[in-house]
Amino acid sequence: MNRIFTASPSESTEGSQTIVPICGIPSAAIGCATSDRVPTAAIRHALRALASETGPLATLRGVKLLRPLVAQAHEVLRERLEAGGSAEAYLRDRTRLADSAVIGLLHIASVSTRMRGGHMVAPLAAVAVGGYGRRELAPGSDLDLLFLLPESSQSSDGAVAAATETCIKAVVPALWDLGFVLDHAARSPRECLDLAHNEPTVLASLLNRRFLWGGFGLFAGLDADLAGLFSGPLAARWRSAVGSAMASTRRDAINGVRTPNEPDVKRGPGGLRDLQRALSMNTLASGRPATLAEPALTEAHRFLWLVRCHLHLLVGGAEDRLSSALQPEVARRLGFDEPRGTTAAPRLLHIFRHHADNVLQAAALATGSVPAQPR
């Protein structure tokens with residue numbers, strides 16, 4: 001039987017925190033959210049307090065009361081970014097906030113459904129994948145969450161399976177109640193691998209996998225299977241499949257087509273997807289993409305994410321097109337001195353194109369599309 005863990009390694013100090021009583025939304029908890037270095041402590045406290053209440057799933061019905069607290073935490077992070085904070089810190093802290101909610105809700109649901117306690121431990125694992133797995137959550141990003149289930153041949157206990165299903169069905173709407181946009185799936189490791197064989201986008205998402213909660217043995221099995229793909233004789237085939245899945249919208253961009261005047265920061269030529277493509281083409285034997293090492297790509301990553309986060313905050317959603325109408329305000333937020341009264345930001349576009357060209361060059365080199373060129 002897989003051992004159940006109730007927190008990820010990054011949250012291992014959570015047990016030393018003081019529980020905040022739940023009575024509506026206490027002002028003391030709000031204050032904690034604004035003053036904490038990473039404003040998630042008050043939310044963790046509140047979730048732990050809910051977990052101490054009794055009644056099957058009754059505590060999850062009170063989760064929506066925490067939504068103002070989560071919104072306050074998001075507001076703190078927004079203010080920090082708009083005051084000149086780094087994109088890296090913003091993305092990291094939004095991920096910590098999401099992790100706290102996911103882990104806390106799973107803990108509550110596992111206790112409420114009696115999935116944990118006594119001799120009944122349901123095999124279930126929660127895994128962050130895709131952008132969430134990379135700890136890259138823009139304001140409009142979905143939480144890519146994978147619930148790993150045991151193989152059907154191992155699911156002999158109907159009560160355990162029912163409790164696991166109830167747990168998942170309770171956590172998903174609770175995350176929506178807290179304001180998170182969720183993209184989730186519930187599969188066994190074998191189902192994940194079979195789907196990854198046929199769907200390159202699924203394989204690309206699984207490259208960025210991160211254990212959050214539950215039976216670590218389930219995660220370890222999937223981890224080993226994926227590593228086997230990229231250390232075996234067909235490794236080049238799987239790298240190529242991932243590269244194709246991550247290609248930018250305009251495939252001819254690699255052949256020298258310049259980025260448009262209103263570029264798509266995520267899917268357009270030289271955008272974040274092409275950057276992930278360059279990294280994924282160097283997938284390691286562990287089945288994970290290579291990390292950023294080249295200074296030019298590190299700078300491109302920082303710039304593109306900063307632009308994307310400000311776009312999402314300006315529009316209030318997942319807007320990735322750097323339109324001419326939004327360019328002046330994005331440029332102002334990034335500290336560029338652009339001409340007043342213009343409908344475009346020439347310097348912002350110039351710097352964007354510089355980074356996009358570097359990303360396109362890296363993607364082309366990774367796929368062997370063009371020979372190396374001196375910079």
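A. Up close: the side chain of histidine 355. Mapped onto the secondary structure, histidine 355 falls in helix H15 (residues 346-367). Not counting the four nearest positions on each side in its chain, histidine 355 is found in contact with Glu299, Ala300 and Phe303.

B. Looking closely at H15. In this model, H15 (22 residues) spans 31 Å end to end at C-alpha, consistent with the 32 Å of a helix rising 1.5 Å per residue. A positive phi of about 75° marks glycine 368, the residue just after H15.

C. Here's a closer look at the pattern of salt bridges. A full pass over the atoms with the stated rule returns 18 salt bridges. One salt bridge in this structure joins glutamate 82 and arginine 333, with 2.9 Å as the shortest N-O distance. Of this pair, glutamate 82 sits in helix H4 (residues 67-82) while arginine 333 sits in helix H14 (residues 327-333); the two residues are 251 residues apart in sequence, bridging distant segments of the chain. You can call glutamate 82 partly exposed: its relative accessible area is 32%. Look at arginine 333 and you get partly exposed, because its relative accessible area is 23%. In this structure, aspartate 223 engages arginine 209 in a salt bridge whose closest nitrogen and oxygen atoms are separated by 2.7 Å. Separated by 14 residues along the polypeptide, aspartate 223 in helix H10 (residues 216-231) and arginine 209 in the loop between helix H9 (200-207) and strand E5 (210-215) bring together distant segments of the chain. For the pair aspartate 223 and arginine 209, one class covers both residues: buried. Several salt bridges converge on common partners, so that one network encompasses Glu75, Arg78, Glu82, Glu329, Arg332 and Arg333.

D. Expanded view of the environment of proline 200. Take proline 200: it is sitting in helix H9. Apart from residues lying up to four places away in sequence, proline 200 is in contact with Ala241 and Ala245.

E. Highlighting the packing of aromatic side chains. Across all of its chains, the model carries four aromatic pairs by this definition. For the ring pair phenylalanine 211 and phenylalanine 216, a centre distance of 5.0 Å and an interplane angle of 85° mean the geometry is edge-to-face. Through a chain of ring-to-ring contacts, three or more aromatic side chains come together here, namely Phe211, Phe216 and Phe219. Seen from the ring of tyrosine 132, arginine 210 lies directly overhead, with NZ or CZ sitting 5.2 Å from the centre. Over the ring of tryptophan 238 we find arginine 237, and its NZ or CZ is 4.6 Å from the ring centre.

F. View of unusual backbone geometry. The backbone phi angle of arginine 135 is positive, close to 65°, even though this residue is not glycine. With respect to the element layout, arginine 135 can be found in the loop between helix H6 (130-133) and strand E3 (143-148). We classify arginine 135 as partly exposed; its relative accessible area is 42%.

G. Structural context of the packing of H10 against helix H11 (residues 235-245). The contact between H10 and H11 brings their axes to 6 Å, and the two run at 105°. Taken together, the axis directions place H10 and H11 in an arrangement best described as roughly perpendicular. Within the contact between the two elements, H10 uses Leu229, Phe230 and Ser231 and H11 uses Ala235, Trp238, Arg239 and Val242. Looking at the contact of H10 with H11 residue by residue, the classes come out as five nonpolar, one polar and one charged.

H. Looking closely at the pairing of strand E2 (residues 125-128). A two-sided burial pattern is seen for E2, the buried positions comprising Ala125 and Val127 on one face and Ala126 and Ala128 on the other. The sheet contact formed by E2 and E5 spans four bridges and is antiparallel. Residue alanine 125 lies in a different strand from E5, and its bridge partner there is glycine 214.

Rules used throughout
Residues numbered from 1 in each chain as written. Predicted model: local features only at pLDDT ≥ 70, side-chain atom pairs only at ≥ 80, totals over all residues. Heavy atoms only, no water. Helix = DSSP H or I, 4+ residues; strand = E, 2+ residues; numbered from the N terminus. Contact = heavy atoms within 4.5 Å. Expected span 1.5 Å × (residues − 1). Salt bridge = Lys/Arg side-chain N within 4 Å of Asp/Glu carboxyl O. Buried < 20%, exposed > 50% of the residue type's maximum accessible area, 1.4 Å probe, protein only. Phe/Tyr/Trp six-rings, centres within 6.5 Å; stacked < 30°, edge-to-face > 60°. Lys NZ or Arg CZ within 6 Å of the ring centre and 35° of its normal. Axes fitted to C-alpha atoms, helices over the stretch in contact; angles between N-to-C directions. Parallel < 35°, antiparallel > 145°, perpendicular 65-115°, else oblique. Nonpolar A, V, L, I, M, F, W, Y, C, P; charged D, E, K, R; others polar. Pairing = 2+ DSSP bridges.

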